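Overview (structure and organization)
Spelled out, the chains give:
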Amino acid sequence: YGQLRSWGDIRAETHSRFEVSDTHRTPPKFTGGAVRRQIDDVMLVDCVSTPFQGHRDAAMIDSRSTGPEGNVLGFQFVHKGVETVQERDREITLTPGKIAIWDGLEPVQIEIIKPFHKRTLLFPRDRVLAVCPRLADLHTLPPLDHSGPARLLVRYMNALAVELPSLGPAATVSAANVALELLRTAVEPELPTGRAAERAALRAEIRRYVRTHLQDSDLGPTTIARSFAMSVRALHALFEDGDESVAAMVRNERLRRCLEDLQRRNGGSVTDIAFRWGFCDAA
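Residues numbered from 1 in each chain as written. Predicted model: local features only at pLDDT ≥ 70, side-chain atom pairs only at ≥ 80, totals over all residues. Heavy atoms only, no water.

As for empty space enclosed by the protein
- Taken as a whole and judged by the stated rule, the model has four cavities of 30 Å³ or more.
- In terms of lining residues, the largest cavity is bounded by 18 residues, among which Gln 76, Glu 83, Val 85, Trp 102 and Ile 110 are the most central.
- Of all the secondary structure elements, the ones that give two or more residues to the lining of the largest cavity are strand S5 (72–87), strand S6 (90–94), strand S7 (99–103) and strand S8 (108–124).
- Broken down by element, the residue count for the lining of the largest cavity peaks at four residues, all from S5.
- By residue class, the composition of the lining of the largest cavity is nine nonpolar, three polar and six charged. (1 Å grid on protein atoms, 1.4 Å probe; cavity = no way out; pocket = protein on both sides within 12 Å on 5 of 7 lines; lining within 4 Å. Points joined across faces, edges and corners; volume = space filled by probe spheres on them. Helix = DSSP H or I, 4+ residues; strand = E, 2+ residues; numbered from the N terminus. Nonpolar A, V, L, I, M, F, W, Y, C, P; charged D, E, K, R; others polar.)

Structure follows, in structure tokens:
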């Protein structure tokens, strides 16, 4: 908990950087508090406060552009109170039951009108864009109030708040992955179409296919291309402007799964783990 003079620092540590100030609604004794829980590389944050106003401008974003503080996408659910948000050309009022997503790299102005309680999942921006690349092309983030998957993510987020203390390291990684998949399912239908968007969506679909077939030792460009009814040459062309080739993507995803199992107490030997996730050469 903190008073208004320290509230900006508390928000920077738990959400993203903000300059805060009082309004005519701010009580003489301002109170605000936040609890931040880590779920692998996703953060679950509960925030309560009495009325105040705040903003994040371009200069503040530039000063933190190389760090993780603002490089997040937030999925927010309002439990109590009223908040107004001005971001680019949209102005929205968040009331109990409302759902919103926001970008930590966008300038924004907010005002808490009535004492507020919200719960937010903070996703690393690059992880969201890896599974939902068309999101980067949007001028305004889509509304999610009428999205079934978004409401399901709210229920899942509330369950995580209760169950997180009992989850082990491996279950925590899985929990973060489920939250990310629910977010993708909620956002994907709202995104624009077009050739570039279709290519990005196909790359994301291939990445998901790879993650679910890592135990197949034959997984590689040939089998992936066959599964998506395209030539190997077309598959390589689809990824030629990315950060990694198709073969490197398969290898890196296998290594990530191996790392997770190596961190388990009873994950098995190095050889067992490697063969489990599709490596077929002991060397």
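Description of the environment of Lys 80
- Its location among the elements puts Lys 80 in strand S5.
- The spatial distance from the C-alpha of Lys 80 to the C-alpha of Leu 94 is 9.5 Å, given a sequence separation of 14 residues.
- Apart from the residues within four sequence positions on either side, Lys 80 is in contact with Pro 96, Pro 115, Phe 116 and His 117. (Contact = heavy atoms within 4.5 Å.)

Side note on the nonpolar core
- The biggest cluster of nonpolar side chains holds 30 residues, and the ones touching the most others in it are Ile 39, Phe 75, Leu 121, Phe 123 and Leu 183.
- Those elements giving two or more residues to this core turn out to be strand S3 (42–49), S5, S7, S8, helix H3 (125–131), helix H4 (148–163) and helix H5 (169–187).
- Looking at this core element by element, the count peaks at eight residues for H5.
- Core analysis: the second largest hydrophobic core is formed by 18 residues, Val 210, Leu 214, Leu 219 and Ala 274 among them. (Core = buried A, V, L, I, M, F, W, Y, C linked by side-chain atoms within 4.5 Å. Buried < 20%, exposed > 50% of the residue type's maximum accessible area, 1.4 Å probe, protein only.)

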